[in-house]
Amino acid sequence: MSGNSPSPRRGRPRTFDPHEVMQQVQDAFWKGGFEGTSIGDLAGATGLNRPSLYGAFGDKHALYIQALQQYRDATQAAGRKILEDAPTLRTALEDLFRAAIRLYTDDEEARGCFVSSTAPPEAMRDTTVRRELAVTNDGLDEMFEARIARAQAEGEACTGLPPQEAARIASAVLHSLSVRARAGASRRALHALAQSAVDLLAQAPETGRSEGR
């Protein structure tokens, strides 16, 4: 046998798009949560049988972790672009919160944020999920902190809070929008909350008050 002969390939080649499959996995977990979603549900959502799922992605836990990571990477990349492209902090925050509300409510069930809607219950007993949730929260904080620090450095009229503190407020508003959307709050109510946050963070603190007032 010639040493230059290629080794025969074993098994059938993949006939699916891993990114698309993971999107379908994400949607299934988003609807049922980790505990409420079976491997059979995932097989049905993706159209792949169990051996194919296990072979390509691992078990149910591995599928969930990958879904968390894909969602985080996609949404935070989109969020950073929105914040970086906007000419002012006010416009940046308005655009980002508007996009978040659209994502959280663009479904008959108003599912909120995938991570904040499914990960917290699992984080109590699963250190891997807890770590992924912490990485997601840290990423949000860093995203907002960079944009707020930029606004302050450029002399914009905006919050006088340290960027790190202001960023945590912005992240907290995102979490609240997700929970409220999932609880059935109207888009009007969500936009009103978001606008209040924008007014807080993108408005200069009052100065020049006379003493005694």
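Since we're looking at a predicted model, the values are computed, not measured.

Colleague: How would you explain the overall build of the chain if you had to name every residue and give the values?
Modeller: Each helix and strand in the chain was counted, giving nine helices and zero strands. Listing the helices and strands of the chain from first to last along the sequence gives α-α-α-α-α-α-α-α-α. Taking 213 residues into account, the globule formula puts the C-alpha radius of gyration at 17 Å, and the chain, at 22 Å, lies well above it. Reported as C-alpha extents along the three principal axes, the dimensions of the chain are approximately 90 × 45 × 30 Å.

Colleague: Provide a residue-level description of the packing of helix α5 (residues 89–105) against helix α7 (residues 127–153), including the pertinent values.
Modeller: At their nearest, the axes of α5 and α7 sit 10 Å apart, and the two run at 155° to each other. As judged from the angle between their axes, α5 and α7 are roughly antiparallel. When α5 is examined against α7, the residues L89, A92, L93, L96 and F97 are found in contact with a partner set consisting of M143, F144, R147, I148 and A151. Looking at the contact of α5 with α7, its residues break down into nine nonpolar, no polar and one charged.

Colleague: Describe α7, naming the residues involved and giving the relevant values.
Modeller: With 27 residues, α7 should cover 39 Å at 1.5 Å per step; its first-to-last C-alpha distance of 38 Å lies within 8% of that length. For α7, every residue scored as buried is listed here: V129, E132, L133, T136, G139, L140, D141, M143, F144, R147, I148 and A151. Elements in contact with the buried residues of α7: α4 (60–85), α5, α6 (114–123) and α8 (163–182). The backbone nitrogen of T128 lies 2.9 Å from a side-chain oxygen of the residue at the head of α7, namely D126. Downstream of α7 by a residue or two, G155 has a phi angle that is positive, lying close to 80°.

Colleague: Go over the packing of helix α3 (residues 50–57) against α4 with me, naming the residues and quoting the values.
Modeller: Viewed as axis vectors pointing N to C, α3 and α4 meet at an angle of 55°, and their least axial separation amounts to 9 Å. By the angle class used here, α3 and α4 are oblique. Seen from above, α3 lies across α4 with left-handed handedness. Taking contact as the criterion, the partners of L53, Y54 and F57 in α3 are, on α4, K60, A62, L63 and Q66. Considering only residue class, the contact of α3 with α4 consists of five nonpolar, one polar and one charged.

Colleague: Requested: an account of the confidence of the model for the chain, with residues and values cited.
Modeller: Per-residue confidence for the chain gives a mean pLDDT of 90; residues scoring 70 or more make up 90%. Below a pLDDT of 50 lies the segment residues 5–13, which in the model reaches zero contacts outside its immediate sequence neighbourhood of four places, other chains included.

Colleague: Can you lay out the layout of surface pockets for me, pointing to particular residues and giving the numbers?
Modeller: Approximately 520 Å³ is the volume attributed to the largest pocket. In terms of lining, the largest pocket is formed by 30 residues, of which the most central are Y71, T75, Q76, L103 and Y104. Looking at the lining of the largest pocket, the elements with two or more residues in it are α1 (18–32), α4, α5, α6, α7 and α8. If you tally residues by element for the lining of the largest pocket, the top one is α4, at nine residues. Here the lining of the largest pocket is composed, by residue class, of 17 nonpolar, twelve polar and one charged.

Colleague: How would you summarise the packing of aromatic side chains if you had to cite specific residues and measurements?
Modeller: Any two aromatic rings considered together are summarised by their centre-to-centre distance and by the angle between their planes. If you walk through the whole model with that rule in mind, you get eight aromatic pairs. With a centroid separation of 5.9 Å and an interplanar angle of 20°, the aromatic rings of F29 and F34 are classed as stacked. Through a chain of ring-to-ring contacts, the aromatic side chains of F29, W30, F34, Y64, Y71 and F114 assemble into a single cluster. A cation over an aromatic ring shows up here: K60 above the ring of F34, its NZ or CZ 4.5 Å from the ring centre. If you follow R111 out to its NZ or CZ, it ends over the ring of W30, 4.0 Å from the centre.

Colleague: Now, about unusual backbone geometry: what can you tell me, with residues and values included?
Modeller: Although it is not a glycine, A110 adopts a positive phi angle of roughly 45°. Tracing the backbone through its elements, the reader meets A110 in the loop between α5 and α6. The exposure class assigned to A110 is buried, which follows from its relative accessible area of 15%.

Cut-off values and rules
- Residues numbered from 1 in each chain as written.
- Predicted model: local features only at pLDDT ≥ 70, side-chain atom pairs only at ≥ 80, totals over all residues.
- Heavy atoms only, no water.
- Helix = DSSP H or I, 4+ residues; strand = E, 2+ residues; numbered from the N terminus.
- Rg over C-alpha atoms; globule rule 2.2 N^0.38 Å.
- Axes fitted to C-alpha atoms, helices over the stretch in contact; angles between N-to-C directions.
- Parallel < 35°, antiparallel > 145°, perpendicular 65-115°, else oblique.
- Contact = heavy atoms within 4.5 Å.
- Nonpolar A, V, L, I, M, F, W, Y, C, P; charged D, E, K, R; others polar.
- Expected span 1.5 Å × (residues − 1).
- Buried < 20%, exposed > 50% of the residue type's maximum accessible area, 1.4 Å probe, protein only.
- Polar contact = N/O pair within 3.5 Å; in protein donor to acceptor, adjacent residues only side chain to side chain.
- Left-handed = near helix turned anticlockwise from the far one by under 90°.
- pLDDT = per-residue confidence, 0-100.
- 1 Å grid on protein atoms, 1.4 Å probe; cavity = no way out; pocket = protein on both sides within 12 Å on 5 of 7 lines; lining within 4 Å.
- Points joined across faces, edges and corners; volume = space filled by probe spheres on them.
- Phe/Tyr/Trp six-rings, centres within 6.5 Å; stacked < 30°, edge-to-face > 60°.
- Lys NZ or Arg CZ within 6 Å of the ring centre and 35° of its normal.

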